[in-house]
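Residue-level structure breakdown
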Amino acid sequence: MTSLDSPRSPLDQAALATLAGSQWKVSLHEEAPSTNALAAAGPAGAVVVADHQTAGRGRLDRDWLTPAGSALTFSAVVDPGVADQHWPLLPLVTGIAVATAIRSATELPVSLKWPNDVLVNDRKVCGILVERVPGSGAGPLAVIGIGINVDITEDELAATTFGSTATSLSIEGSAVSRTDLFGSVLAALTEELAALEGQPTTVVDSYRPWCGTLGQRVDVHLPDGSTLTGEADSIDAEGRLVVQGPQGPVAVGAGDVVHVRPAV
Ligand code: BTN
């Protein structure tokens, strides 16, 4: 840690605002139900941080609950400045940003499970929820919600809905200040969003090397309740996962991927 605090030290509005820089307007809540819900009111450039999030929302209508002080939970409101067809790339660039920040802060082996679960040693350390909201101006905005398990213990994990496939930076051996991590994730996110806006077609090339799903045998639980099994073959230009299934290649835009380990 570079800050003189422990991971569970209370967050400080002034410190977060300084790290974020003038392009972001940070508001810190000691306790909030869901930063994504609060951030939905915008405007672009707002960053809502909760020291303790009490009713966090996950992908596919799941809960995201973490003990007080154990996680970095925040949401940034952005106008991505790209055509609708490139919006599905937002979760991918956010995953790259979080993975980049965690790797540089900890040197842990970080990878992404498609589309945007951030894994350390193949266990999930961060969840990302990107939502499209109407915005009050010219067009829709994106709320980018990020929840990083910084200091949650194995016992605390067992008591949550995360289960054994989750981990935290402290479990993996890295004590990280939530304040410092906020600064590095937001800086990396700023950079990745600029890359998306400037050259959306190159995002997938940047994403591929981070993606631990490629080449794996996967079960993909699809929104209609069915499961697609096959080999994760590639990521297409729209950021979809192409799975080589029994009926040939299928491009998947949304779903919950499970990496299937071969029996040993
Ligand atoms: C997932 O299911 O993996 C996504 C979890 C996203 C959790 C973050 S925590 C900050 C933000 N606020 C929310 O309510 N959810 C996201």
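Residues numbered from 1 in each chain as written. Predicted model: local features only at pLDDT ≥ 70, side-chain atom pairs only at ≥ 80, totals over all residues. Heavy atoms only, no water.

In this model helix α3 (residues 90–106) runs 24 Å from its N-terminal to its C-terminal C-alpha over 17 residues, within 8% of the 24 Å that 1.5 Å per residue would give. Immediately beyond the C-terminal end of α3, within one or two residues, lies Glu107, with a positive phi of roughly 60°. (Helix = DSSP H or I, 4+ residues; strand = E, 2+ residues; numbered from the N terminus. Expected span 1.5 Å × (residues − 1).)

The next subject is the pairing of strand β10 (residues 217–221). A one-sided burial pattern is seen for β10, the buried positions being Val218 and Val220 and the unburied ones Arg217, Asp219 and His221. Sheet topology places β10 next to strand β11 (residues 227–235); 5 bridges connect them, and they run antiparallel. Within β11, the residue paired with His221 across the bridge is Thr227. As defined by bridge partners, β10 adjoins strand β14 (residues 256–259) across 4 bridges and the pair is classed as antiparallel. (Buried < 20%, exposed > 50% of the residue type's maximum accessible area, 1.4 Å probe, protein only. Pairing = 2+ DSSP bridges.)

Here we come to the sheet that holds β14. Taken in spatial order, the 5 strands of this open sheet run β13-β12-β11-β10-β14, and their pairing is antiparallel. What marks the edges here is a single partner per strand, and that holds for β13 (248–252) and β14. Taken pair by pair, the neighbouring strands of this sheet meet at an average axis angle of 45°, ignoring direction. (Axes fitted to C-alpha atoms, helices over the stretch in contact; angles between N-to-C directions.)

Another point: the site of the ligand. The ligand sits among 20 residues. The nearest are Ser34, Gln53, Arg57, Arg59 and Lys124. Note that a nitrogen atom of the ligand is positioned 3.0 Å from one of the side-chain N or O atoms of Thr35. Arg59 has a polar backbone atom sitting 2.7 Å from an oxygen atom of the ligand. Within the residue set of the shell around the ligand, elements represented by two or more residues are α2 (35–39), β3 (56–57), β5 (71–78), β8 (123–133) and β9 (141–149). At 4 residues, the largest contribution of residues to the shell around the ligand is made by β8. (Near = heavy atom within 4 Å. Polar contact = N/O pair within 3.5 Å; in protein donor to acceptor, adjacent residues only side chain to side chain.)

With 8 of its 8 residues buried, β5 lies for the most part within the structure. Burial of β5 is two-sided: the residues Ala71, Thr73, Ser75 and Val77 facing one way and the residues Leu72, Phe74, Ala76 and Val78 facing the other way are all buried. Summarising the sheet, strand β2 (residues 46–53) and β5 pair through 4 bridges and their orientation is antiparallel. When the sheet's bridge partners are listed, Val47 is paired in β5 with Ala76. Pairing geometry for β5 and β9, over 8 bridges, is antiparallel.

A few words now on the nonpolar core. In this structure, Ile146, Ile148 and Phe182 are the most contacted members of the largest nonpolar core, which totals 61 residues. Ranked by residues supplied to this core, first place goes to α3 with 9 residues. Among residues more than four places away in sequence, those in contact with Ile148 are Ser70, Ala71, Leu72, Val98, Ile102, Val125, Cys126, Leu169, Leu181 and Val185. Core analysis: the next-biggest nonpolar cluster, separate from the first, contains 7 residues, Ala46, Val133, Leu141 and Val143 among them. (Core = buried A, V, L, I, M, F, W, Y, C linked by side-chain atoms within 4.5 Å. Contact = heavy atoms within 4.5 Å.)

This part covers the pattern of salt bridges. Counted by the stated rule, this structure contains 13 salt bridges. The partner of Arg178 in a salt bridge is Asp51, and the shortest N-O contact between them spans 2.9 Å. Of this pair, Arg178 sits in helix α5 (residues 178–198) while Asp51 sits in strand β2, and the two are 127 residues apart along the sequence. Owing to a relative accessible area of 13%, Asp51 belongs among the buried residues under this scheme. (Salt bridge = Lys/Arg side-chain N within 4 Å of Asp/Glu carboxyl O.)

Any link to function would need more than the numbers given here.
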